[in-house]
Amino acid sequence: MDRSRFTMGCRLTELYGSPDAINHEISYDGGYRGTRVCGELRTFDGGMVADRVNRKWLIVGSLFVWSFVTLMMGYCTDFNQIYYLRALMGVSEALYIPAGLSLITDYHQEKTRSLAVGIHMTGLYVGQALGGFGATVASAYTWETTFHWFGIIGIAYSVVLIIFLHDKKDHVEQAVKLENYPKENPISGAFKGLGMLFTNIAFWIILLYFATPSLPGWATKNWLPTLFAENLSLDMSEAGPLSTFTIAISSFIGVIAGGILSDKWIQRNVRGRVYTGAIGLALTIPSLLLLGFGHNFPMIIGGGLCFGIGYGIFDANNMPILCQFISPRYRATAYGIMNMTGVFAGAAITDILGKSTDAGNLGHDFAMLAGLVLIALLIQVIFLRPKVANMTDEC
């Protein structure tokens, strides 16, 4: 579960006293700076590391660091301390996500791959849903207790993973071969992998397909509570939980439904995952228009539910689609680059929508993101044509 989203609300409420004060402090300046720092640190491509070492220890180490940072946030006394600890979380996440997803796709083949990735992604959405109730938890328990226990539980779970988590045998054998092959410099080997990816036209299309929806994806994470508050005339104490809970629950439904549909479709049509992802993207287009231009409860909530379901379907199929074009040897590197690009896109849109909020144009500019998603959708459907259900080194 994404504990950081849950616990940040608790700690900032304690520091600033009210949701309105939190919004003023971080919605533009602090929120943008936090996103930017985490994003820049995550540009270190953890995927290149995951493709060359035992992924088990990357996952365990990342969980331990993430949990230790959560524990230490219980001792923070000002915003800057939280800011730097969150940046450290960004480094930890950069190591975890490519390693975790590449390990899942190695164990799960065509019949269960999208559903397995989708179930993995549900942890993020549960954390987002609970994150909207950070203020409630802060009022019921002390922030020290909240952070300490989440950190302790995570550290204990990292010990459990040491015992029960195992890397795929083929990957471990490949990593051992790389370690015992002295002629190839690790840096040159990493750049060789990048060269293989960047000369693959399909990877560029996937990169565009992934990065463009990241714009509204990050926009909803950072600005949807403000949009709910403005368009529905709500206080931030009400808009925050309502917006995050709406998106998180619908995204939860989307990743499960999208995973099941994709796994069934790929068995009949090699483009089944591409079409499933396209359905998800298509659902986000009207939802962005409803969120941007809607001014009543049914339109705003309906738009939020539609966006969450669509984005969940999209999210469950990113890595499985990548597996149709990239061999296991370079998948973690490829997803690391995709994740890095998405974070930079998120930093950019956070800045742009912050200025839109100051100018009173948040809803309009939010809706305009639908045009970019439409372009990415058309490019994906027209040009993304996999030939196999699962790319291998022999293909």
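Coordinates for the structure precede this section.
These notes cover the structure that comes with them. Note that the structure is a prediction, hence the values are computed from the model and not measured.

## Structural notes on helix α8 (residues 143-164)
Inference 1: Taking 1.5 Å per residue as the helical rise, α8 with its 22 residues ought to reach 32 Å, and the 32 Å between its terminal C-alpha atoms agrees with that figure.
Inference 2: All buried positions along α8 are accounted for by Trp143, Thr146, Phe147, His148, Phe150, Gly151, Gly154, Ser158 and Leu161.

## Concerning the pattern of salt bridges
Inference 1: Scanning all chains against the criterion turns up five salt bridges.
Inference 2: Between aspartate 167 and arginine 55 there is a salt bridge whose closest N-O contact spans 2.7 Å. Of this pair, aspartate 167 sits in the loop between α8 and α9 (169-179) while arginine 55 sits in helix α4 (residues 55-73), and the two are 112 residues apart along the sequence.
Inference 3: Between lysine 355 and aspartate 351 there is a salt bridge, with its nearest N and O atoms 3.8 Å apart. One end of the pair is lysine 355 and the other is aspartate 351, both in helix α15 (residues 331-359) and four residues apart, which spans about a single turn.
Inference 4: Each of Arg55, Asp106, Asp167 and Arg331 takes part in salt bridges that share partners, so that together they form one network.

## Quick notes on the packing of helix α11 (residues 201-232) against helix α13 (residues 272-293)
In a pair of packed helices, the angle between the axes and the distance between the axes together describe the arrangement.
Inference 1: Interaxial distance between α11 and α13 falls to 11 Å at its minimum, and their mutual angle equals 30°. When the interaxial angle is binned, α11 and α13 end up roughly parallel. Here the hand of the crossing between α11 and α13 comes out left-handed. Contact residues: Tyr209, Pro213, Pro216, Leu224, Leu227, Phe228 and Asn231 in α11; Gly277, Leu281, Leu288, Leu291 and Gly292 in α13.
Inference 2: Residues belonging to the contact of α11 with α13 are distributed by class as follows: nine nonpolar, three polar and no charged.

## Thoughts on the side chain of threonine 122
Inference 1: Looking at the element boundaries, threonine 122 is found in helix α6 (residues 113-131).
Inference 2: Of the polar contacts made by the side chain of threonine 122, one reaches the backbone oxygen of isoleucine 119; its length is 2.4 Å.
Inference 3: Once residues within four sequence positions are removed from consideration, threonine 122 is found in contact with Phe252, Val255 and Ile256.

## Thoughts on the packing of aromatic side chains
Inference 1: One pass over the full model with this rule turns up nine aromatic pairs.
Inference 2: When the centroid spacing of 6.4 Å and the interplanar angle of 10° are considered together, the rings of phenylalanine 64 and phenylalanine 68 count as stacked. Taken together, the residues phenylalanine 64 and phenylalanine 68, both in helix α4 and four residues apart, mark about one turn of the helix.
Inference 3: Of the residues examined, phenylalanine 68 reaches a relative accessible area of 40% and is grouped as partly exposed.
Inference 4: When the ring of tryptophan 265 is compared with that of tyrosine 275, the centres are 5.6 Å apart and the planes differ by 40°; the resulting orientation is tilted.

Reading the values: rules and limits
Residues numbered from 1 in each chain as written. Predicted model: local features only at pLDDT ≥ 70, side-chain atom pairs only at ≥ 80, totals over all residues. Heavy atoms only, no water. Helix = DSSP H or I, 4+ residues; strand = E, 2+ residues; numbered from the N terminus. Expected span 1.5 Å × (residues − 1). Buried < 20%, exposed > 50% of the residue type's maximum accessible area, 1.4 Å probe, protein only. Salt bridge = Lys/Arg side-chain N within 4 Å of Asp/Glu carboxyl O. Axes fitted to C-alpha atoms, helices over the stretch in contact; angles between N-to-C directions. Parallel < 35°, antiparallel > 145°, perpendicular 65-115°, else oblique. Left-handed = near helix turned anticlockwise from the far one by under 90°. Contact = heavy atoms within 4.5 Å. Nonpolar A, V, L, I, M, F, W, Y, C, P; charged D, E, K, R; others polar. Polar contact = N/O pair within 3.5 Å; in protein donor to acceptor, adjacent residues only side chain to side chain. Phe/Tyr/Trp six-rings, centres within 6.5 Å; stacked < 30°, edge-to-face > 60°.

Geometric descriptors of this kind do not, in isolation, establish any biological role.
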